[in-house]
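Structure assessment
Listed below, chain by chain, are the residues.
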Amino acid sequence: MTPLTLTAKPDSGRRTAWVPTIVLILGALYCLVPIAWVVVAATKDRSELFSTFTFAPGTGFFQNLSDLTAYRDGIFWKWMANSAFYAGFGALLSAAVSAAGGYALGRFAFRGREAIFKMILAGVLVPSIVLAVPQYLLLSKLGMADSYWSMLLPSILSPYGVYLVRIYAAASVPAELMEAARMDGASEWRIFSRIAVPMMMPGLITVFLFQFVGIWNNFLLPYVMLADDEKFPITLGLYTLLAQGASQPALYTLVITGCLLAILPLIALFLVIQRFWSLDLLSGSVKA
């Protein structure tokens, strides 16, 4: 009898692993190539921008930065400060409202809870662009159009934030721990602020990050709400510069440099928050 020989089959798992890897690489290039172009283009002066190779660095970054700072007595930095205020304060308020609403929906049983939750789910599906004009009409009736409040108030309530915190609170805040705190005489506010909030912190950081990025990148709401360019966020301010660039091509270098500077706060925020995000995920309920 001939001995039975076993032939090893090719590892199909390793072969098929190249497919998702290639897809991820293409997706990364799709996201990173425009950023790389902005970084390189911001280094070029007016003559180099249209006459040199696309990804060849230029020599005019510091001059572009100086021109951008000098433009209309530094209004660009006013736009950056406005965006930081709208995004930072708005995301903080939104995270606080989401914490209270999500905690109440996730850990308390009351009449109409499911109906409210379904309305919030419906709000998640409604694009913000649909609400911009009704919000403007409402705030205009209240005399708040073209004010800082017209940017902050629509950003406070985030249906997705309430939904996320509701799911997170139901999973991470044990009912037994709340009952034990009540038996020890703790008030509902103390249970919420000293026990529930630390345990929900990773979810709240996620809500804050999403809201900050969403408000920072928002264009339609300030375009509808604001008329005074002193109150413009960076998105609307750069849009006005780009519109003027059609008649003044020299402004294109300022727009590109401004786009590069507008990206940096988001990168810095993500790097800073990621550290606390990891700590919170690892610590869990130890902080409580």
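Residues numbered from 1 in each chain as written. Predicted model: local features only at pLDDT ≥ 70, side-chain atom pairs only at ≥ 80, totals over all residues. Heavy atoms only, no water.

1. Examining the packing of aromatic side chains
The full count for this structure, using the stated rule, is 19 aromatic pairs. Ring geometry for Trp189 versus Phe192: centroids 5.7 Å apart, planes at 45°, classification tilted. Here Trp189 and its partner Phe192 are both found in helix α11 (residues 188–199), 3 residues apart, which amounts to about one turn of the helix. Judged by its relative accessible area of 62%, Trp189 is exposed. On the basis of an interplanar angle of 35° and a centroid distance of 6.0 Å, the ring pair of Phe208 and Phe212 is categorised as tilted. Of this pair, Phe208 and Phe212 both sit in helix α12 (residues 201–217), separated by 4 residues, roughly a single helical turn. No difference in accessibility class separates Phe208 from Phe212, as the two residues are buried. Ring-pair connections join several aromatic residues into one group, and the members of that group are Phe85, Tyr86, Phe89 and Tyr148. The side chain of Arg166 reaches across the aromatic face of Phe117, ending 4.1 Å from its centre. (Phe/Tyr/Trp six-rings, centres within 6.5 Å; stacked < 30°, edge-to-face > 60°. Helix = DSSP H or I, 4+ residues; strand = E, 2+ residues; numbered from the N terminus. Buried < 20%, exposed > 50% of the residue type's maximum accessible area, 1.4 Å probe, protein only. Lys NZ or Arg CZ within 6 Å of the ring centre and 35° of its normal.)

2. Considering the layout of surface pockets
The computed volume of the largest pocket comes to approximately 830 Å³. Taken together, 27 residues line the largest pocket, and the ones lying closest to its centre are Ser128, Leu131, Pro154, Leu157 and Pro159. Among the secondary structure elements, those contributing two or more residues to the lining of the largest pocket are α6 (113–125), α7 (128–141), α8 (149–156), α9 (159–172), α12 and α13 (220–225). The element that contributes the greatest number of residues to the lining of the largest pocket is α7, accounting for 6 residues. For the lining of the largest pocket, the per-class residue count stands at 18 nonpolar, 9 polar and no charged. By volume, the second largest pocket is sized at about 260 Å³. Along the walls of the second largest pocket sit 13 residues, with Ile234, Thr235, Leu238, Cys259 and Ala262 positioned nearest its centre. Among the secondary structure elements, those contributing two or more residues to the lining of the second largest pocket are α12, α14 (234–245) and α15 (251–283). Along the lines of polarity and charge, the residues of the lining of the second largest pocket split into 11 nonpolar, 2 polar and no charged. (1 Å grid on protein atoms, 1.4 Å probe; cavity = no way out; pocket = protein on both sides within 12 Å on 5 of 7 lines; lining within 4 Å. Points joined across faces, edges and corners; volume = space filled by probe spheres on them. Nonpolar A, V, L, I, M, F, W, Y, C, P; charged D, E, K, R; others polar.)

3. Details of the side chain of Ser83
One can find Ser83 in helix α5 (residues 75–107). Non-local contacts of Ser83, meaning those with residues more than four positions away in its chain, are made with Gly88, Trp216, Pro233 and Ile234. (Contact = heavy atoms within 4.5 Å.)

4. Details of the packing of α9 against α12
Any two packed helices are characterised by the angle at which their axes cross and by the distance between the axes. Closest axis-to-axis distance for the α9/α12 pair is 9 Å, and the angle between their directions is 165°. As far as their axial angle goes, α12 and α9 are roughly antiparallel. Remark: the crossing between α9 and α12 carries right-handed chirality. Between α9, through Tyr160, Gly161, Leu164, Val165 and Tyr168, and α12, the contact on the second element is made entirely by Pro202, Gly203, Leu204, Thr206, Val207 and Phe210. When the residues that make up the contact of α9 with α12 are grouped by side-chain class, the tally is 8 nonpolar, 3 polar and no charged. (Axes fitted to C-alpha atoms, helices over the stretch in contact; angles between N-to-C directions. Parallel < 35°, antiparallel > 145°, perpendicular 65-115°, else oblique. Left-handed = near helix turned anticlockwise from the far one by under 90°.)

5. Re unusual backbone geometry
Backbone geometry at Asp73 places phi at a positive 60°, although glycine is not the residue there. Following the sequence through the fold, Asp73 ends up in the loop between α4 (61–70) and α5. Asp73 sits in the exposed class, given a relative accessible area of 81%. Of note, the phi angle at Asp146 is positive, near 60°, even though the residue is not glycine. Summarising the element assignment, Asp146 is placed in the loop between α7 and α8. Relative accessible area serves as the criterion here: at 26%, Asp146 is assigned to the partly exposed category.

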